Amino acid sequence: MVTLEELTDIAGVRYDGVSIDISGLNTLRDAKKGEVSFLENKKYVNDLLSTHASAVFVSPDMAVHVPKDIIALVDEEPYLKLALASKLFAPPVMEDEGAAEPQVGEGTEIAAGAMVCRGSIIGKNCYILPGAYIGPNAVIGDNTIIYANATVYRDCVVGSNCMIHSGAVVGSDGFGFATTRTGTHVKIYQNGNVVIEDDVEIGSNSTVDRAAFGSTLIKQGVRIDNLVQIGHNCVVGEYSVLVSQSGLAGSTELGRNVVMGGQSAAAGHLKIAPFTQFAARAGITNDVKESHKVYGGFPLMEQRSWLKLQAKLARILKGKS
Amino acid sequence: MVTLEELTDIAGVRYDGVSIDISGLNTLRDAKKGEVSFLENKKYVNDLLSTHASAVFVSPDMAVHVPKDIIALVDEEPYLKLALASKLFAPPVMEDEGAAEPQVGEGTEIAAGAMVCRGSIIGKNCYILPGAYIGPNAVIGDNTIIYANATVYRDCVVGSNCMIHSGAVVGSDGFGFATTRTGTHVKIYQNGNVVIEDDVEIGSNSTVDRAAFGSTLIKQGVRIDNLVQIGHNCVVGEYSVLVSQSGLAGSTELGRNVVMGGQSAAAGHLKIAPFTQFAARAGITNDVKESHKVYGGFPLMEQRSWLKLQAKLARILKGKS
Amino acid sequence: MVTLEELTDIAGVRYDGVSIDISGLNTLRDAKKGEVSFLENKKYVNDLLSTHASAVFVSPDMAVHVPKDIIALVDEEPYLKLALASKLFAPPVMEDEGAAEPQVGEGTEIAAGAMVCRGSIIGKNCYILPGAYIGPNAVIGDNTIIYANATVYRDCVVGSNCMIHSGAVVGSDGFGFATTRTGTHVKIYQNGNVVIEDDVEIGSNSTVDRAAFGSTLIKQGVRIDNLVQIGHNCVVGEYSVLVSQSGLAGSTELGRNVVMGGQSAAAGHLKIAPFTQFAARAGITNDVKESHKVYGGFPLMEQRSWLKLQAKLARILKGKS
């Protein structure tokens, strides 16, 4: 908990009002009372009208839209100010020596050379292999296997009956920063976590970034292959399948049973309908609203269109078109 | 070793015959007496006729093709039944405390913080760096270097004069599962291993998956760059070169001296002729039968055709076509 | 330090002259007195004329261009000979038990389970998490965080205020080898290092290869996302941003504030002007000389041209062109 005065001080925003207590940062949509949010992109102005945030970083031209009961923190660069403020809420990097010893369920085996931090809770009948790292306050369900040299960052949650393969990283920082006018970057501390539900398998050397605020969410039954990237604040729907070397940029949401082919990728902030299939190398830059279709290509099109286009290009190559 | 009764019980397949001993699962082609196999894809029906398997999961319409001396385990979803049965043969996750201490050859240095499991055999003059993990029963040849935080899963074999760089993972589970009619997934336990021959170098954070049955094989003299994916049951021919971020889906076989350019990828179950070169980003979806050619593009074509096509597209862009 | 006689012996090059002391190998351009270089590609013949190397591997037809005060080591395969010689200068793999204990600055916390080798120097107020590996003679600045299971190879330098996320590998061997006429490969030992300047963040499971000679250089303020590949001898300019799954082949140089979109990649030995932006999947095979432009596609073109081309292809698909 910090005061609004501390927050505006570190952000370098002028604020002369009363200094309330601030519990964290969040998006306009998810902010609760006591949290600070921001409006950078005008297309989210409606979220400003309905937010529960107590204060909002906002540009001068948007300040008029801030509801009366919300404190407007007016600045030309609201996103940059958010970034500067984010450091205040960063959790400690190291484990707290005063925190409780890990709670370990019955039947769980923690190998010599595994690293399980204080404050963590591990369920029953798990295997934690050598070199695996379970950060402070992480929670692991029952019957889950964390293979050698896999990493689960602090505060992350892994369900029951999961497998996290070697070298996979759950909960590293999302790729968030604000860029100043002179081209330098200010980190947005990633103060959320990752939540992995039950029956999820994550392949070796895949990465699932923690959320800037809230949680990156991998739902039940998801299968993630090797070397897959899941950006911060993504939601991966139940039983979705992500083939090797595919990637999701930040805040993209897959419905249930979506298939991402090998080396396919989606841009950020997209919503993909359930049961959508993307062929290998598909490049997704828009929402997919209709379920049960198959897409491919970059730019994305229905896979049968892509095949047809390639046939036409083959004709062009042969000089027949 | 399990009995056929136990196997059909866990798979949920009705079987009233005599309960023979079953030693494992395998493909129709590679199965030996005492093993159980499956026929899911009708194009492999010829393999059914010549298999040495003792029993086969097979769909009702294919049951007639099962030779008389082989037990037909008839079910609408043979691949799913195989998946359910695979768990019976999964090796233990943790090392067996009763197994022999690792055998370590003369001149080998194992750093403090390296994790070498029981049952493993390490040759002469090796270096095993801190954080490296050598699983149970793994075998490492002579003069091989396993760098810090590299992982070799249980039962895998690494030859002599190899280098496995940091973060590389050898022997994690292949991406195998059967999907039920309701869209959930059932893991196919990956009960094979990885065999890496001599003089192989594997770059940092590359992944080589263990086989579902049998071995994923990396032959002598192969050079694998960083962040490369090798799927389960692949065979990579002698002296082949896989440049960074390239990938092979499961069961694909490269002949000797194949070059996979950066970010190129091959679909599964393909055979690539020796001395084939794939340019960066090549996307391979069919067998390559003729040696010594250069390919690129996706869909794949000869590299000179791809260059010609791009020139034509440049003309189209300029409105000249 | 070796003698030229030892070097020509191991390389298998005939040399009957005086045996001077040789301190290392280097490119023609960067070689200093006492170093040996090579000329393989005739387009670098001008570098031969101005090099400070004491001896040069050179093919018979190029030998005439070697300045009189430089020793010509004439062979049909100069690059192969360099490779054979490179082993002489390889640093030891393991830490030197006689080297000094790590120097650790005030306020730095090294977690139990972190592996910090002798000869390394770590600044003030750093955090080194469990499973992180800091190789022999590595240098870490102040306030830097090395997360769990990250790896910094020997001799590498990481600046102040950096974050190296879990599974990232700094300083693994560049992908360098010479191929013989029979198709086998001879490793070029990577005897350089990686230098990371201040305020750099490297995402989880990204890889930055050490230089063959000299340094791979990541300049101040760079932001590298997850699963990114940086080849040996690259230079990444200040405040450049590399989005997930992008890659740079060896010796490519980015100017300041270059943006590499997700899954974009650059071939080797390129120079990219400052403030260039590459869209996702951009494939870069030529130098970019003009600053402040946006490119995409493969082959690369200005992003607006790529969009125009895709629109034309959409028309072709619909049969309107």
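A quick note: this is a predicted structure, and the numbers were derived from the prediction, not measured.

**Thoughts on the environment of A:Gly183**
With respect to the helices, strands and loops of the structure, A:Gly183 is situated in the loop between β19 (177–179) and β20 (185–187). Under the relative-accessibility criterion, A:Gly183 is labelled buried at 8%. The contacts of A:Gly183, once residues within four sequence positions are left out, are C:Tyr239, C:Arg256 and C:Asn257.

**Some words on the packing of aromatic side chains**
Counted by the stated rule, this structure contains 15 aromatic pairs over all chains. A cation sits over an aromatic face here: B:Arg281 above C:Phe298, 5.4 Å from the ring centre. One cation-aromatic arrangement involves C:Lys187 over C:Tyr189; the distance from NZ or CZ to the ring centre is 5.6 Å.

**Quick word on the relation of the copies chain C and chain B**
Overlaying chain C on chain B yields an RMSD of 0.0 Å, the required transformation being a rotation through 120° with an accompanying axial translation of 0.0 Å. Seen this way, the second copy is the image of the first under a three-fold rotation axis. Of all interface residues in chain C, a mere 20% are interface residues in chain B too; the two copies therefore contact each other through different surfaces.

**Section: the interface of chain C and chain A**
Put simply, an interface is often sized by how much accessible area is lost when its parts join up. Of the residues lining the interface, 42 residues belong to chain C; the matching set on chain A comes to 46 residues. For the pairing of chain C and chain A, the buried interface totals around 3300 Å² over both sides, and the portion due to carbon and sulfur atoms is 63%. The three residues of chain C that bury the most area against chain A are C:Arg223, C:Arg281 and C:Leu317, which together make up 19% of that side's buried surface. Ionic pairing is found between A:Lys187 and C:Glu201, a salt bridge with its closest N-O pair at 2.8 Å. Here chain C is connected to chain A by 24 residue pairs in polar contact (both at pLDDT 80 or more).

**So, the domain arrangement of chain A**
Residue and element names in this part refer to chain A. The domains assigned to chain A are domain 1 (2–89) and domain 2 (103–293). Look at where the C-alpha atoms of domain 1 and domain 2 centre, and you get two points 29 Å apart. Summed over both sides, the interface of domain 1 with domain 2 buries roughly 1100 Å², with 67% coming from carbon and sulfur. It is Tyr-79, Leu-80 and Ser-86 that lose the most area in domain 1 upon contact with domain 2, and together they represent 34% of the buried surface on that side. Two residues, Arg-181 and Glu-77, come together in a salt bridge whose shortest N-O distance is 3.4 Å. Where domain 1 packs against domain 2, one counts four residue pairs in polar contact (both at pLDDT 80 or more). Per-element tally for the side of domain 1 that touches domain 2: the top contributor is helix α3 (residues 78–86), with six residues. The residue makeup of the side of domain 1 that touches domain 2, split by class, is nine nonpolar, three polar and three charged.

Rules behind the numbers
- Residues numbered from 1 in each chain as written.
- Chains lettered and ligands numbered in written order.
- Predicted model: local features only at pLDDT ≥ 70, side-chain atom pairs only at ≥ 80, totals over all residues.
- Heavy atoms only, no water.
- Helix = DSSP H or I, 4+ residues; strand = E, 2+ residues; numbered from the N terminus.
- Buried < 20%, exposed > 50% of the residue type's maximum accessible area, 1.4 Å probe, protein only.
- Contact = heavy atoms within 4.5 Å.
- Phe/Tyr/Trp six-rings, centres within 6.5 Å; stacked < 30°, edge-to-face > 60°.
- Lys NZ or Arg CZ within 6 Å of the ring centre and 35° of its normal.
- Least-squares fit on C-alpha atoms with pLDDT ≥ 70 in both.
- Buried area = accessible area lost by both parts, 1.4 Å probe.
- Salt bridge = Lys/Arg side-chain N within 4 Å of Asp/Glu carboxyl O.
- Polar contact = N/O pair within 3.5 Å; in protein donor to acceptor, adjacent residues only side chain to side chain.
- Domains from an automatic or database assignment.
- Nonpolar A, V, L, I, M, F, W, Y, C, P; charged D, E, K, R; others polar.

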